[in-house]
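Spelled out from the first residue to the last, the chains are:
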Amino acid sequence: MKKIENYNVNDILTNQMQMDIQKNIPESMKVEFVNLSKLSDTEYAEPVAELALRDKFAHRASRKKFQNKPCVIMKVNDEFAGFFIYEENNKDKQFYLWQLGIDAPYKGYKLSKLLVAEALKNNIKEYPACVSIYEKNEVSRGLFEQFDFKPYAKKAGIIKFC
C-alpha cells in the first residue's frame, strides 16, 4: 500500500510532474490552497456542493456526510476553482482521499496534480493513502497512477487504489 509522508508539495510531485504543470499553467494564474478541518459552516461549503452536483464523478461531495470532512480548497486568482475532500481514518489507519472536483474553466491546466499533492500533505500520521475510482474514470485513474497508486480491489465498477 502507498505510504505518503508529510512532504512539501514539490517533494510529492516528481520532476516530470512539476515540468508538466509549469508548462500548462500560465504565469498569470496564481494558485493557492486553503486547508479546512471541516468544510461545513464555511464560505466554501456551497461552492463545493454546487461544483460537486455539476461534476460527473464528484457528486457525492454535495452530501452532508462529506461536508463534515476535512477539505483542501483550491483558488485561482482569488476565485474558488476546486476542492479535495479527504479523511484520516484512525480506526483503519488509512488516509482516504474521498472526492476531488475542479471547476470547468480551470480544467486542462494539470491543476489536479497540485490539488492531490496538497491533500497528501495533510497525511501527517503517514497512513497508507487510498482512493476509490469509478472504473470508467480514466482521467482519475491516470492521475493517481502518476502518484504511484496501485489498484488492489475492484467491486461493482469501482477500483480501490493505494
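This is a predicted model, so every value here is computed, not measured.

A. Geometry of the pattern of salt bridges. Enumeration over the complete set of coordinates arrives at 10 salt bridges. The shortest N-O distance in the salt bridge between E88 and K125 comes to 3.8 Å. Placement of the pair is E88 in strand β3 (residues 79-89) and K125 in the loop between α5 (111-120) and β5 (129-134), with a sequence separation of 37 residues. Exposure remark for E88: the relative accessible area of 26% places this residue in the partly exposed category. Note that R141 is salt-bridged to E138, the shortest N-O span being 3.5 Å. Here R141 pairs with E138, and both are found in helix α6 (residues 138-146), just three residues apart, close to one helical turn. Classification of E138 by relative accessible area gives exposed; the value is 53%. Three or more residues are tied together by salt bridges with common partners; here these are K30, E32 and D78.

B. Up close: the confidence of the model for the protein chain. On average, residues of the protein chain score 86 in pLDDT, and 93% of them reach the 70 mark or higher. Element-level pLDDT for the protein chain is lowest in helix α1 (residues 9-12), with a mean of 58, against a maximum mean of 96 in strand β2 (residues 71-76).

C. Focus on the state of the cysteines. Using the criterion set out here, one finds one disulfide in the structure. Through a disulfide, C130 is tied to C162; the S-S separation comes to 1.9 Å. The chirality of the disulfide connecting C130 with C162 is right-handed, given an S-S dihedral of about 105 degrees. Taken together, the positions of C130 in strand β5 and C162 in the segment after β7 (158-161) put the pair 32 residues apart, joining distant regions of the chain. Neither residue differs from the other here; C130 and C162 are each classed as buried. Looking at C71, it has no disulfide partner, and the nearest cysteine sulfur is the one in C130, 19 Å off. By relative accessible area, C71 is classed as buried at 0%.

D. Examining the packing of aromatic side chains more closely. Scanning the model with the defined rule gives five aromatic pairs in all. Relative to F144, the ring of F84 lies with its centre 6.4 Å away and its plane at 90 degrees, an arrangement referred to as edge-to-face. Note that F84 is positioned in strand β3 and F144 in helix α6, a separation of 60 residues in sequence. F144 sits in the buried class, given a relative accessible area of 4%. In this structure an aromatic cluster arises from ring pairing among F66, Y96 and W98.

Rules used in this analysis
Residues numbered from 1 in each chain as written. Predicted model: local features only at pLDDT ≥ 70, side-chain atom pairs only at ≥ 80, totals over all residues. Heavy atoms only, no water. Salt bridge = Lys/Arg side-chain N within 4 Å of Asp/Glu carboxyl O. Helix = DSSP H or I, 4+ residues; strand = E, 2+ residues; numbered from the N terminus. Buried < 20%, exposed > 50% of the residue type's maximum accessible area, 1.4 Å probe, protein only. pLDDT = per-residue confidence, 0-100. Disulfide = S-S within 2.5 Å. Phe/Tyr/Trp six-rings, centres within 6.5 Å; stacked < 30°, edge-to-face > 60°.

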